[in-house]
Amino acid sequence: MAQTTITATNDRRQHEQVLDVREDFEVASGTIPGALHIPMGQLQRRLPELEKETPVIVVCRSGNRSAHVADALNAAGYSADTMTGGMTAWAAAGLPIEQVGDAREQSPSGRLRRTP
């Protein structure tokens, strides 16, 4: 299983796809800015939403579900890594969080700022 760290994900997220496979109620607390949200149970149906040519970083709450999804994507011909520690580690590190449904990003201090 290919893995990536939260720090590497933060560096890579501008030019790669970030796929958040958590459920809707989990994503309501925020996600990585620019991430595509497809709950794990909907992935097979919504797979065409991913670009096969662009690497994918798969994210969940702790890293367990994302590891399974990354393995499945790699088997399907995608280049996918799982983000170790998941959103729990991302949030604990104070990395930016985008509130779902708006174009704002939360800074490590907790204040919201506009994303480009």
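A short tour of the structure in this document, coming up. Quick caveat: nothing in here was measured; it's all calculated off a predicted structure.

**Focus on the overall build of the protein**
Then, number 1: Across its full length, the protein holds five helices and eight strands.
Then, number 2: Counting contacts in the protein only where the partners sit at least 6 residues apart, residues at least 24 apart contribute 58% of the total.
Then, number 3: Total accessible area computed for the protein in this model is approximately 6100 Å², and 51% of it derives from carbon and sulfur atoms.

**Structural notes on the nonpolar core**
Then, number 1: The biggest cluster of nonpolar side chains holds 13 residues, and the ones touching the most others in it are Leu 19, Leu 43, Val 56, Val 58, Val 69 and Leu 73.
Then, number 2: At the level of elements, strand 4 (56–59) and helix 4 (64–75) are the ones that each hand at least two residues to this core.
Then, number 3: Examining the composition of this core, we find that three residues originate from one element, helix 4, more than from any other.
Then, number 4: Counting residues in hydrophobic clusters, the runner-up holds 11 residues, among them Ala 35, Ile 57, Val 59 and Met 87.

**Notes on the sheet that holds strand 2 (residues 17–20)**
Then, number 1: Taken in spatial order, the five strands of this open sheet run 1-5-4-2-3, and their pairing is parallel. Edge positions in the open sheet fall to strand 1 (3–4) and strand 3 (36–37), since each of these has one partner strand only.
Then, number 2: Pairing geometry for strand 2 and strand 4, over four bridges, is parallel. When the bridges of strand 4 are listed, Val 18 appears paired with Ile 57.
Then, number 3: Against the sheet, helix 4 engages strand 2, strand 4 and strand 5 (80–83), with an angle of about 175° to strand 5.

**Regarding the pattern of salt bridges**
Then, number 1: In total, this model carries five salt bridges according to the counting rule given.
Then, number 2: Note that Arg 65 and Glu 26 form a salt bridge whose closest N and O atoms lie 2.8 Å from each other. With Arg 65 in helix 4 and Glu 26 in helix 2 (residues 24–27), the pair connects residues that are 39 residues apart, well separated along the chain.
Then, number 3: Residue Glu 26 is classed as buried on the basis of its relative accessible area of 13%.
Then, number 4: Within this structure, Arg 12, Glu 16 and Asp 81 form a network of salt bridges that share partners.

**Digging into the pairing of strand 2**
Then, number 1: Across the two faces of strand 2 the burial is the same, with Gln 17 and Leu 19 and Val 18 and Asp 20 all buried.
Then, number 2: Of the strand pairs in this sheet, strand 2 and strand 3 are connected by two bridges, and their pairing is parallel. What sits directly across from Leu 19, in strand 3, is Leu 36.

Calculation rules
- Residues numbered from 1 in each chain as written.
- Predicted model: local features only at pLDDT ≥ 70, side-chain atom pairs only at ≥ 80, totals over all residues.
- Heavy atoms only, no water.
- Helix = DSSP H or I, 4+ residues; strand = E, 2+ residues; numbered from the N terminus.
- Contact = heavy atoms within 4.5 Å.
- Areas by Shrake-Rupley, 256 points an atom, 1.4 Å probe, with all protein chains shown as cover.
- Core = buried A, V, L, I, M, F, W, Y, C linked by side-chain atoms within 4.5 Å.
- Buried < 20%, exposed > 50% of the residue type's maximum accessible area, 1.4 Å probe, protein only.
- Pairing = 2+ DSSP bridges.
- Axes fitted to C-alpha atoms, helices over the stretch in contact; angles between N-to-C directions.
- Salt bridge = Lys/Arg side-chain N within 4 Å of Asp/Glu carboxyl O.

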